Amino acid sequence: MNALLLAAEEPQPPLIPHLDELVIGLIAFVIVFGFLAKKLLPNINKVLDERREAIEGGIEKAESAQIEAQSVLEQYKAQLAEARHEAARLRQEATEQGAAIIQEMKAEGQRQREEIIAAGHTQIAADRKAASASLRQDVGKLATDLAGKLVGESLEDSARQSRTIDRFLDELEEKAEAVR
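Residues numbered from 1 in each chain as written. Predicted model: local features only at pLDDT ≥ 70, side-chain atom pairs only at ≥ 80, totals over all residues. Heavy atoms only, no water.

(A) Geometry of the overall build of the chain. When helices and strands are counted, the chain shows three helices and zero strands. In the chain, the order of α-helices and β-strands from amino to carboxyl end is α-α-α. A burial count over the chain gives 3% of its 180 residues as buried. Surface accessibility of the chain: about 16,100 Å² in total, with carbon and sulfur atoms responsible for 62%. (Helix = DSSP H or I, 4+ residues; strand = E, 2+ residues; numbered from the N terminus. Buried < 20%, exposed > 50% of the residue type's maximum accessible area, 1.4 Å probe, protein only. Areas by Shrake-Rupley, 256 points an atom, 1.4 Å probe, with all protein chains shown as cover.)

(B) Here's a closer look at a negative patch on the surface. Together, Glu50, Glu53, Glu56, Glu60 and Glu63 make up a negatively charged patch on the protein surface. For Glu60, the location among the structural elements is in helix 2 (residues 19-151). Note on Glu60: relative accessible area 54%, which makes it exposed. (Patch = residues over 30% accessible without salt bridge, like charges linked within 9 Å, V, L, I, M, F, W, Y side chains within 5 Å. Salt bridge = Lys/Arg side-chain N within 4 Å of Asp/Glu carboxyl O. Lys, Arg positive; Asp, Glu negative; His and termini not counted. Charge placed at Lys NZ, Arg CZ, Asp CG, Glu CD.)

(C) Geometry of the packing of aromatic side chains. Counted by the stated rule, this structure contains one aromatic pair. Between Phe29 and Phe33, the aromatic rings sit 6.1 Å apart at their centres with planes inclined by 20 degrees, giving stacked as the arrangement. Here Phe33 and Phe29 lie together in helix 2, a separation of four residues that amounts to about one turn. Across this residue pair, the class does not change: Phe29 and Phe33 are exposed. (Phe/Tyr/Trp six-rings, centres within 6.5 Å; stacked < 30°, edge-to-face > 60°.)

(D) Inspection of the confidence of the model for the chain at higher detail. In the predicted model, the chain carries a mean pLDDT of 83, and 86% of its residues have values of at least 70. This stretch, residues 3-7, has a pLDDT under 50; its non-local contacts, to residues over four places away or in other chains, come to zero contacts. (pLDDT = per-residue confidence, 0-100. Contact = heavy atoms within 4.5 Å.)

(E) Quick look at a nonpolar patch on the surface. On the surface, a nonpolar cluster with roughly 600 Å² of combined accessible area is contributed by Val32, Phe35, Leu36, Leu40, Leu41, Ile44 and Leu48. Tracing the sequence through the fold places Phe35 in helix 2. Given the relative accessible area of 48%, Phe35 is considered partly exposed.

(F) Structural view of the pattern of salt bridges. For the structure on display, the rule yields six salt bridges. Close ionic contact of Arg111 with Glu108 constitutes a salt bridge, the shortest N to O distance being 2.2 Å. Here Arg111 pairs with Glu108, and both are found in helix 2, just three residues apart, close to one helical turn. The exposure class of Arg111 is partly exposed, given its relative accessible area of 37%. Glu115 is paired through a salt bridge with Arg111; the nearest N and O atoms lie 2.2 Å apart. Of this pair, Glu115 and Arg111 both sit in helix 2, four residues apart, roughly one helical turn. One salt-bridge network, held together by shared partners, links Glu86, Arg89 and Glu93.

Written as C-alpha coordinates, this is what we have:
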(Lines give C-alpha, C1' and ligand atoms only; values in the text may rest on other atoms or scores of the structure.)
Protein backbone atom coordinates (compact mmCIF):
# COMPACT_ATOMS: atom_id res chain seq x y z
CA MET A 1 0.00 0.00 0.00
CA ASN A 2 2.75 2.18 0.60
CA ALA A 3 3.59 1.82 -2.94
CA LEU A 4 0.11 2.96 -3.91
CA LEU A 5 0.34 5.93 -1.72
CA LEU A 6 3.66 6.78 -3.08
CA ALA A 7 2.25 6.34 -6.52
CA ALA A 8 -0.77 8.48 -5.70
CA GLU A 9 1.43 11.15 -4.37
CA GLU A 10 3.68 11.18 -7.29
CA PRO A 11 2.95 14.08 -9.51
CA GLN A 12 1.20 13.25 -12.79
CA PRO A 13 2.81 14.45 -16.01
CA PRO A 14 1.20 17.69 -17.23
CA LEU A 15 0.39 16.48 -20.76
CA ILE A 16 -1.72 13.53 -19.73
CA PRO A 17 -5.16 14.59 -18.46
CA HIS A 18 -7.06 12.97 -15.63
CA LEU A 19 -9.56 10.33 -16.60
CA ASP A 20 -12.61 12.15 -15.25
CA GLU A 21 -11.62 15.35 -17.10
CA LEU A 22 -11.22 13.32 -20.23
CA VAL A 23 -14.71 11.80 -19.89
CA ILE A 24 -16.37 15.15 -19.11
CA GLY A 25 -14.59 16.79 -22.07
CA LEU A 26 -15.64 13.97 -24.37
CA ILE A 27 -19.30 14.24 -23.25
CA ALA A 28 -19.23 18.03 -23.72
CA PHE A 29 -17.68 17.60 -27.17
CA VAL A 30 -20.39 15.13 -28.21
CA ILE A 31 -23.14 17.52 -26.96
CA VAL A 32 -21.64 20.54 -28.81
CA PHE A 33 -21.02 18.46 -31.91
CA GLY A 34 -24.61 17.11 -31.81
CA PHE A 35 -25.99 20.63 -31.38
CA LEU A 36 -23.89 21.93 -34.27
CA ALA A 37 -24.86 18.96 -36.44
CA LYS A 38 -28.60 19.43 -35.72
CA LYS A 39 -28.91 23.22 -35.77
CA LEU A 40 -26.00 24.93 -37.51
CA LEU A 41 -24.96 22.37 -40.12
CA PRO A 42 -28.34 22.43 -41.98
CA ASN A 43 -28.28 26.25 -42.02
CA ILE A 44 -24.67 26.25 -43.25
CA ASN A 45 -25.53 23.66 -45.92
CA LYS A 46 -28.57 25.70 -46.90
CA VAL A 47 -26.48 28.87 -47.31
CA LEU A 48 -23.82 26.95 -49.24
CA ASP A 49 -26.48 25.44 -51.54
CA GLU A 50 -27.95 28.89 -52.16
CA ARG A 51 -24.50 30.25 -52.95
CA ARG A 52 -23.74 27.35 -55.29
CA GLU A 53 -27.08 27.87 -57.08
CA ALA A 54 -26.42 31.61 -57.33
CA ILE A 55 -22.95 30.96 -58.73
CA GLU A 56 -24.25 28.34 -61.15
CA GLY A 57 -27.09 30.70 -62.15
CA GLY A 58 -24.54 33.45 -62.64
CA ILE A 59 -22.42 31.15 -64.77
CA GLU A 60 -25.48 30.18 -66.82
CA LYS A 61 -26.42 33.85 -67.22
CA ALA A 62 -22.85 34.66 -68.21
CA GLU A 63 -22.85 31.83 -70.73
CA SER A 64 -26.21 32.94 -72.18
CA ALA A 65 -24.95 36.54 -72.30
CA GLN A 66 -21.80 35.36 -74.02
CA ILE A 67 -23.85 33.35 -76.55
CA GLU A 68 -26.08 36.38 -77.14
CA ALA A 69 -23.05 38.65 -77.51
CA GLN A 70 -21.55 36.19 -79.98
CA SER A 71 -24.77 36.16 -82.05
CA VAL A 72 -24.92 39.98 -81.97
CA LEU A 73 -21.27 40.08 -83.08
CA GLU A 74 -22.01 37.70 -85.95
CA GLN A 75 -25.02 39.81 -86.97
CA TYR A 76 -22.86 42.93 -86.82
CA LYS A 77 -20.19 41.28 -88.94
CA ALA A 78 -22.83 40.14 -91.44
CA GLN A 79 -24.33 43.63 -91.60
CA LEU A 80 -20.88 45.14 -91.99
CA ALA A 81 -20.05 42.74 -94.81
CA GLU A 82 -23.40 43.52 -96.44
CA ALA A 83 -22.77 47.26 -96.08
CA ARG A 84 -19.33 46.90 -97.65
CA HIS A 85 -20.81 44.88 -100.49
CA GLU A 86 -23.53 47.50 -100.99
CA ALA A 87 -20.93 50.30 -100.96
CA ALA A 88 -18.86 48.45 -103.57
CA ARG A 89 -21.98 47.93 -105.69
CA LEU A 90 -22.90 51.62 -105.41
CA ARG A 91 -19.35 52.65 -106.35
CA GLN A 92 -19.51 50.34 -109.38
CA GLU A 93 -22.90 51.75 -110.40
CA ALA A 94 -21.62 55.31 -109.97
CA THR A 95 -18.58 54.50 -112.11
CA GLU A 96 -20.78 52.96 -114.79
CA GLN A 97 -23.19 55.90 -114.67
CA GLY A 98 -20.28 58.34 -114.87
CA ALA A 99 -18.90 56.51 -117.90
CA ALA A 100 -22.36 56.50 -119.50
CA ILE A 101 -22.79 60.24 -118.82
CA ILE A 102 -19.35 60.96 -120.28
CA GLN A 103 -20.25 58.89 -123.34
CA GLU A 104 -23.57 60.74 -123.68
CA MET A 105 -21.83 64.09 -123.32
CA LYS A 106 -19.29 63.12 -125.99
CA ALA A 107 -22.12 62.03 -128.29
CA GLU A 108 -24.04 65.25 -127.56
CA GLY A 109 -20.90 67.31 -128.21
CA GLN A 110 -20.31 65.42 -131.45
CA ARG A 111 -23.93 65.99 -132.47
CA GLN A 112 -23.73 69.71 -131.65
CA ARG A 113 -20.45 69.95 -133.54
CA GLU A 114 -22.09 68.31 -136.56
CA GLU A 115 -25.03 70.72 -136.28
CA ILE A 116 -22.67 73.72 -136.07
CA ILE A 117 -20.67 72.47 -139.06
CA ALA A 118 -23.88 71.86 -141.03
CA ALA A 119 -25.18 75.31 -140.08
CA GLY A 120 -21.82 76.78 -141.12
CA HIS A 121 -21.96 75.00 -144.48
CA THR A 122 -25.54 76.20 -144.96
CA GLN A 123 -24.53 79.74 -144.06
CA ILE A 124 -21.52 79.57 -146.38
CA ALA A 125 -23.75 78.31 -149.22
CA ALA A 126 -26.26 81.09 -148.55
CA ASP A 127 -23.47 83.67 -148.40
CA ARG A 128 -22.00 82.24 -151.60
CA LYS A 129 -25.38 82.53 -153.36
CA ALA A 130 -25.85 86.07 -152.07
CA ALA A 131 -22.30 87.00 -153.09
CA SER A 132 -22.84 85.34 -156.47
CA ALA A 133 -26.08 87.24 -157.04
CA SER A 134 -24.49 90.50 -155.90
CA LEU A 135 -21.42 89.84 -158.03
CA ARG A 136 -23.58 88.89 -161.00
CA GLN A 137 -25.46 92.12 -160.65
CA ASP A 138 -22.28 94.20 -160.29
CA VAL A 139 -20.51 92.39 -163.13
CA GLY A 140 -23.61 92.81 -165.26
CA LYS A 141 -23.73 96.52 -164.54
CA LEU A 142 -20.02 96.91 -165.26
CA ALA A 143 -20.31 94.81 -168.43
CA THR A 144 -23.26 96.85 -169.62
CA ASP A 145 -21.45 100.10 -168.96
CA LEU A 146 -18.35 98.81 -170.72
CA ALA A 147 -20.33 97.47 -173.64
CA GLY A 148 -22.16 100.78 -173.90
CA LYS A 149 -18.87 102.61 -174.07
CA LEU A 150 -17.49 100.22 -176.64
CA VAL A 151 -20.57 100.26 -178.80
CA GLY A 152 -21.03 103.91 -178.30
CA GLU A 153 -24.68 103.72 -177.46
CA SER A 154 -26.41 103.31 -174.19
CA LEU A 155 -27.68 99.89 -173.22
CA GLU A 156 -30.11 101.25 -170.70
CA ASP A 157 -32.97 99.06 -171.78
CA SER A 158 -33.39 96.64 -168.90
CA ALA A 159 -34.60 93.68 -170.97
CA ARG A 160 -31.73 93.93 -173.33
CA GLN A 161 -29.37 94.57 -170.45
CA SER A 162 -30.63 91.51 -168.57
CA ARG A 163 -30.23 89.27 -171.66
CA THR A 164 -26.74 90.54 -172.29
CA ILE A 165 -25.69 90.03 -168.67
CA ASP A 166 -27.15 86.53 -168.53
CA ARG A 167 -25.44 85.53 -171.77
CA PHE A 168 -22.11 86.95 -170.60
CA LEU A 169 -22.27 85.22 -167.21
CA ASP A 170 -23.32 81.92 -168.77
CA GLU A 171 -20.28 82.08 -171.03
CA LEU A 172 -18.07 82.78 -167.97
CA GLU A 173 -19.54 79.82 -166.10
CA GLU A 174 -18.99 77.51 -169.07
CA LYS A 175 -15.37 78.60 -169.28
CA ALA A 176 -14.94 78.10 -165.53
CA GLU A 177 -16.38 74.57 -165.71
CA ALA A 178 -14.19 73.74 -168.67
CA VAL A 179 -11.10 74.79 -166.71
CA ARG A 180 -11.98 72.48 -163.79
